[in-house]
Amino acid sequence: MKPSYLDVVSQLALLRLLAEFDPSVIGTPPLGIATPLSDIDIACSAPDFDRFADVARRSFGEMKSFSIRTPNHLPDPAIIASFCAMGWEIEIFCQEIATEVQWGVRHSRIEERLLALRPQLRERIVDLKQGGVKTEPAFARILGLTGDPYAALLELEDLSDGQLEDLLDAPI
C-alpha cells in the first residue's frame, strides 16, 4: 500500500524545495477523492521557466521517470516536471501567472467548497473517476453543467454558498 500523499509531500520536502515558486498541492488527494491511479499535483508560479527547470532537475532529476515537458495545448505558457516516488506519480505544473489564479488551483477551491457543502458527492465523484471520467468533467456531470466542464466550473467560483446549495439541490 502506498503512503498518504501528505507523507510523500513531507518526506520528499516538496514544498520546501519548491518554496520560491509559491507551490500549492491540488487535485484529488487533498480533496479526498483520489483513486488508485491518482497522482500528486503541485501548482507553481515562476517568471523564469529556466530557473524552475533547473531547480526541478537538481531536486528531482534522479527520481524514477523524471521528465520536463512544455505542453502546447494551453492558452498560457507552462512547464511540467514529473517523476515517480514512493508509489506515486508526482506532477509539478508551473506557469508564469500567480499560483492562486491558475485554473487548477481555482478548480480545487471550487471543488473543495462543493464537497464541504455536500460530502456525499465524494462517492459519486470517485465512482465516475473510476469509470475513467476526469475530475472536472465528473463534477460538471453531477451538477448538470453544460459546455466545457473546465470553464463551467470556473463560473461557479463567485457564487455564494447559498447559491451553490441551490445548484446542488437542483434536479439534473
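Residue indices follow the written sequence of each chain, beginning from 1 at its first position. Confidence filtering applies because this is a predicted model: local features only for residues at pLDDT of at least 70, side-chain atom pairs given and counted only at 80 or more, and all residues used for totals across whole chains, interfaces and linings. For side-chain calculations, the full set of non-hydrogen atoms in the structure is used, while hydrogens and water are omitted.

S.K.: Honestly, the side chain of Glu 136 in this entry has me stumped. Any pointers?
M.R.: Here Glu 136 is to be found in helix 7 (residues 135–143). Exposure categories follow from relative accessible area, calculated using a 1.4 Å probe and restricted to protein chains: below 20% of the type maximum is buried, above 50% is exposed, and the middle band is partly exposed. When charges are tallied, Lys and Arg are placed among the positive residues and Asp and Glu among the negative ones, while His and the ends of the chain are skipped. In what follows, salt bridge is the name for a side-chain nitrogen of Lys or Arg lying within 4 Å of a carboxyl oxygen of Asp or Glu. It is Lys 129 that comes nearest to the buried, bridge-free Glu 136 among opposite-charge side chains, at 7.2 Å. Pairs of N or O atoms are called polar contacts if they sit within 3.5 Å, as long as, within protein, a hydrogen donor faces a hydrogen acceptor (for residues adjacent in sequence, only side-chain-to-side-chain pairs). Here His 107 takes part through its side chain, which lies 3.4 Å from a polar atom of the side chain of Glu 136. The way it works is that DSSP assigns letters per residue, a run of H or I at least four long becomes a helix, a run of E at least two long becomes a strand, and they are numbered from the N terminus.

S.K.: Quick question: what am I supposed to make of helix 4 (residues 49–60) here?
M.R.: Counting along an α-helix, one turn takes 3.6 residues, and residues three or four places apart therefore face a common direction. An ideal rise of 1.5 Å per residue puts 16 Å on 12 residues; helix 4 measures up with 16 Å between its terminal C-alpha atoms. Along helix 4, the residues classified as buried are Phe 49, Phe 52, Ala 53, Val 55, Ala 56 and Phe 60. Take helix 4 and look down its axis: the buried residues cluster within an arc of 165 degrees, on one side only. Of the exposed residues in helix 4, the ones pointing more than 90 degrees away from its buried face are Asp 50 and Arg 58. Between a side-chain oxygen at the N-terminus of helix 4 and the backbone nitrogen of Asp 50 the separation is 2.9 Å; the capping residue is Asp 48. In this scheme, a helix's expected span is set at 1.5 Å multiplied by one less than its residue total. Relevant arc is that of directions from the helix axis to the C-beta atoms, nothing else.

S.K.: When you look at the pattern of salt bridges in this model, what are you seeing that I'm missing?
M.R.: A pair can form between side chains of opposite charge whenever their charged atoms are brought close. Summed over all chains, the structure comprises eight salt bridges. Here Arg 69 ties to Glu 91 by a salt bridge, and the two come within 2.9 Å at their closest N and O atoms. Of the two residues, Arg 69 is situated in strand 3 (residues 64–69) and Glu 91 in strand 5 (residues 88–95); the sequence distance between them amounts to 22 residues. Under the relative-accessibility criterion, Arg 69 is labelled partly exposed at 37%. Note that Arg 118 is salt-bridged to Glu 165, the shortest N-O span being 2.4 Å. Taken together, the positions of Arg 118 in the loop between helix 5 (103–117) and helix 6 (121–130) and Glu 165 in helix 9 (residues 161–169) put the pair 47 residues apart, joining distant regions of the chain. Residue class for Glu 165 comes out partly exposed when judged on its relative accessible area of 25%.

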